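Observations on the three-dimensional arrangement
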Amino acid sequence: GNALGGQSGVMYGYGQEGDDVVGGGPFLKFSKHPTALVFHLLFKGLALFLYIFGDWFMSSFVLTFVLCIIFLAFDFWTTKNVSGRLLVGLRWWSYVKDDGSNEWVFESLEDMTDISAFDSRIFWGALYASPVVWSLLFVVGVLRLKFEYLPVVVAAVMMSGANVVGYYKCSNDASEKMQSLMEQGLRQGSVAALGNSRVMNWLLSAMITSGPNSNSN
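Because the structure is predicted, anything quoted here is derived from the model rather than measured.

Looking at the overall build of the protein
Scanning the protein from terminus to terminus reveals 5 helices and 3 strands. Reading the protein from its N terminus to its C terminus gives the helix and strand order β-α-α-β-β-α-α-α. Long-range contacts, defined as pairs at least 24 residues apart, comprise 69% of the intrachain contacts of the protein with a sequence gap of at least 6. Within the structure as shown, the protein displays about 12,800 Å² of accessible surface, and the carbon and sulfur contribution to it stands at 66%.

Below, the structure written as structure tokens:
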């Protein structure tokens, strides 16, 4: 776990190269998981597009409202359960315990070298940009007195913000776990080296021979 009361684990079998290979243009050829990358951006883009331009080609406010909420929900679920797992090797969730406290659970790939730097940049860039853009749209909506659409913006900020918080904590947990594993490996390596009879004999012989020689000199 971590200082925030979360639990951590290791994901096995996730994020392997070639899990979802699709054809694509020059942009997608740099991705190990182009399908996950496309849907990571698609639902975000669709929700924003409908919110900004929906009135231009849709006469029903209710239909625009409902479609925006649906795309936001798709984006939240996809980012939380699919694209984060494949593109950056992280997954998080939280639940309310019986005592009313919130429990965070984090999982991460055991070997982060499988993660594409290109996929990682796109994932984190879109993740952090989404709540910023929706927050700006909230301000614009208030200034233009478009209060009927503000529930959509509030829902977008809450859902995208939840993923930002969850993945930020999950990333920190993964970094702490990796550092702990490295320190543990160094300690075990040192103990194993000292426990090796050849190493111990060499150290003892060096100590014995260096003492008299240094005194006689």
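Topic: the pattern of salt bridges
Note that side chains of opposite charge can pair when their charged atoms are close. For the structure shown, the criterion picks out 3 salt bridges. A salt bridge links Lys-44 to Asp-75, with the shortest nitrogen-to-oxygen separation between them at 2.8 Å. Remark: Asp-75 occurs in helix H2 (residues 61-87) and Lys-44 occurs in helix H1 (residues 34-57); sequence separation between them is 31 residues. The exposure classification of Lys-44 matches that of Asp-75, with both residues buried.

Regarding the packing of H1 against helix H3 (residues 117-143)
Two numbers describe how H1 lies on H3: the axes approach to 10 Å, and their chain directions differ by 15 degrees. The orientation of H1 relative to H3 falls into the category roughly parallel. As H1 runs across H3, the sense of the crossing is left-handed. Within the contact between the two elements, H1 uses Leu-37, His-40, Leu-41, Lys-44, Ala-47, Leu-48 and Tyr-51 and H3 uses Phe-118, Asp-119, Ile-122, Phe-123, Ala-126, Leu-127, Ser-130, Val-133, Trp-134 and Leu-137. Of the residues belonging to the contact of H1 with H3, the class tally is 13 nonpolar, 2 polar and 2 charged.

How each quantity is defined
- Residues numbered from 1 in each chain as written.
- Predicted model: local features only at pLDDT ≥ 70, side-chain atom pairs only at ≥ 80, totals over all residues.
- Heavy atoms only, no water.
- Helix = DSSP H or I, 4+ residues; strand = E, 2+ residues; numbered from the N terminus.
- Contact = heavy atoms within 4.5 Å.
- Areas by Shrake-Rupley, 256 points an atom, 1.4 Å probe, with all protein chains shown as cover.
- Salt bridge = Lys/Arg side-chain N within 4 Å of Asp/Glu carboxyl O.
- Buried < 20%, exposed > 50% of the residue type's maximum accessible area, 1.4 Å probe, protein only.
- Axes fitted to C-alpha atoms, helices over the stretch in contact; angles between N-to-C directions.
- Parallel < 35°, antiparallel > 145°, perpendicular 65-115°, else oblique.
- Left-handed = near helix turned anticlockwise from the far one by under 90°.
- Nonpolar A, V, L, I, M, F, W, Y, C, P; charged D, E, K, R; others polar.

Function cannot be inferred from these measures alone, as they are strictly geometric.
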